[in-house]
Amino acid sequence: EETVYALRAVHGVFANRDGGNAELLKAASAWWLSHATGLRALGYGERVARTDIAAFESAARADTVPGYRVFDRPYPSMPAASDSHVAAVRAIEPMSRNAAALGVNSLSVPAAREALLEAIRGGEPVATDGFALSQAAPGESVGIVVYLALYRGSPASDDERLAAWRGSVFATLN
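Small disclaimer: the values here were computed from a predicted structure and weren't measured.

Draft legend 1. The sheet that holds strand S4 (residues 144-151), seen in detail. Strands sit in the order S2-S1-S5-S4-S3 across an open sheet of five strands; the sheet is antiparallel. In the strand order of this sheet, the two ends are held by strand S2 (85-93) and strand S3 (126-127), each with one partner. The strands touched by helix H2 (residues 22-35) are strand S1 (39-49) and S2; relative to S1, the strand with the most contacts, the crossing angle is about 155°.

Draft legend 2. Up close: the pairing of S4. For S4, a buried count of seven out of eight residues is recorded, marking the element as mostly surrounded by other parts of the structure. Pairing of S3 with S4, which is carried by two bridges, proceeds in the antiparallel orientation. Counted as the bridge partner of Ala127 is Val146 from S4.

Draft legend 3. Region of the structure containing the nonpolar core. One finds Tyr68, Val70, Ile92, Leu116, Tyr147 and Trp165 to be the most contacted residues of the largest nonpolar core, which totals 33 residues. At the level of elements, S1, helix H3 (53-63), S2, helix H5 (110-122), S4 and strand S5 (165-173) are the ones that each hand at least two residues to this core. Formed by 20 residues, the second largest nonpolar core is a distinct cluster that contains Leu7, Val10, Leu39 and Leu150.

Draft legend 4. The packing of helix H1 (residues 2-14) against H2, seen in detail. Two elements in contact, H1 and H2, have axes separated by 10 Å at closest approach and are oriented at 165°. If you check the angle between H1 and H2, you find them roughly antiparallel. As H1 runs across H2, the sense of the crossing is right-handed. Between H1, through Glu2, Tyr5, Ala6, Ala9, Val10, Val13 and Phe14, and H2, the contact on the second element is made entirely by Leu24, Leu25, Ala28, Trp32 and His35.

Draft legend 5. Representation of the pattern of salt bridges. In the structure shown here, the tally under the stated rule is seven salt bridges. Across the salt bridge formed by Arg50 and Asp72, the nearest N and O atoms sit 3.3 Å from each other. Highlighted residues: Arg50 in the loop between S1 and H3 and Asp72 in the loop between H3 and S2, separated in sequence by 22 residues. With relative accessibility at 28%, the residue Arg50 sits in the partly exposed group. Close ionic contact of Arg90 with Asp63 constitutes a salt bridge, the shortest N to O distance being 2.9 Å. Pair noted here: Arg90 is in strand S2 and Asp63 is in helix H3, with a separation of 27 residues, a long-range link. Three or more residues are tied together by salt bridges with common partners; here these are Glu46, Asp63 and Arg90.

Analysis parameters
Residues numbered from 1 in each chain as written. Predicted model: local features only at pLDDT ≥ 70, side-chain atom pairs only at ≥ 80, totals over all residues. Heavy atoms only, no water. Pairing = 2+ DSSP bridges. Helix = DSSP H or I, 4+ residues; strand = E, 2+ residues; numbered from the N terminus. Contact = heavy atoms within 4.5 Å. Axes fitted to C-alpha atoms, helices over the stretch in contact; angles between N-to-C directions. Buried < 20%, exposed > 50% of the residue type's maximum accessible area, 1.4 Å probe, protein only. Core = buried A, V, L, I, M, F, W, Y, C linked by side-chain atoms within 4.5 Å. Parallel < 35°, antiparallel > 145°, perpendicular 65-115°, else oblique. Left-handed = near helix turned anticlockwise from the far one by under 90°. Salt bridge = Lys/Arg side-chain N within 4 Å of Asp/Glu carboxyl O.

Laid out in structure tokens, this is it:
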């Protein structure tokens, strides 16, 4: 329950903005990260057309970290992502223990993909099954990510939400 409150608070900050950045996320997540139990990270991801990745990376490097890049996580059980868009992790807090997740295409991670697509279509928070996190240290157990989609406008149906989807906020739990 506490995680959903944190997620909805961060969602409220990003819901009426056309984009977001690391400083905005840092300010929106600071209290929650210092008070919520089991909350490893809060983050923001953007939908980016594969053809626009270079420009997106350039803008992110100017805002976040010099080496920012979008990447797919390889999974033997899943063919390389061929979607026309990626769901790139744009900002994550606290950065100190989550930097390895910056730039990951959430749609390239099977458990994340399933939950994110369900969250996009349904308009409600959806949790993944447990999986090895991009930012996990060797030997760490699995984590769970809860996604809540961001849209342009106020779409009403599943198809409208999918078309209007512009990104997501997420909470990562240990």
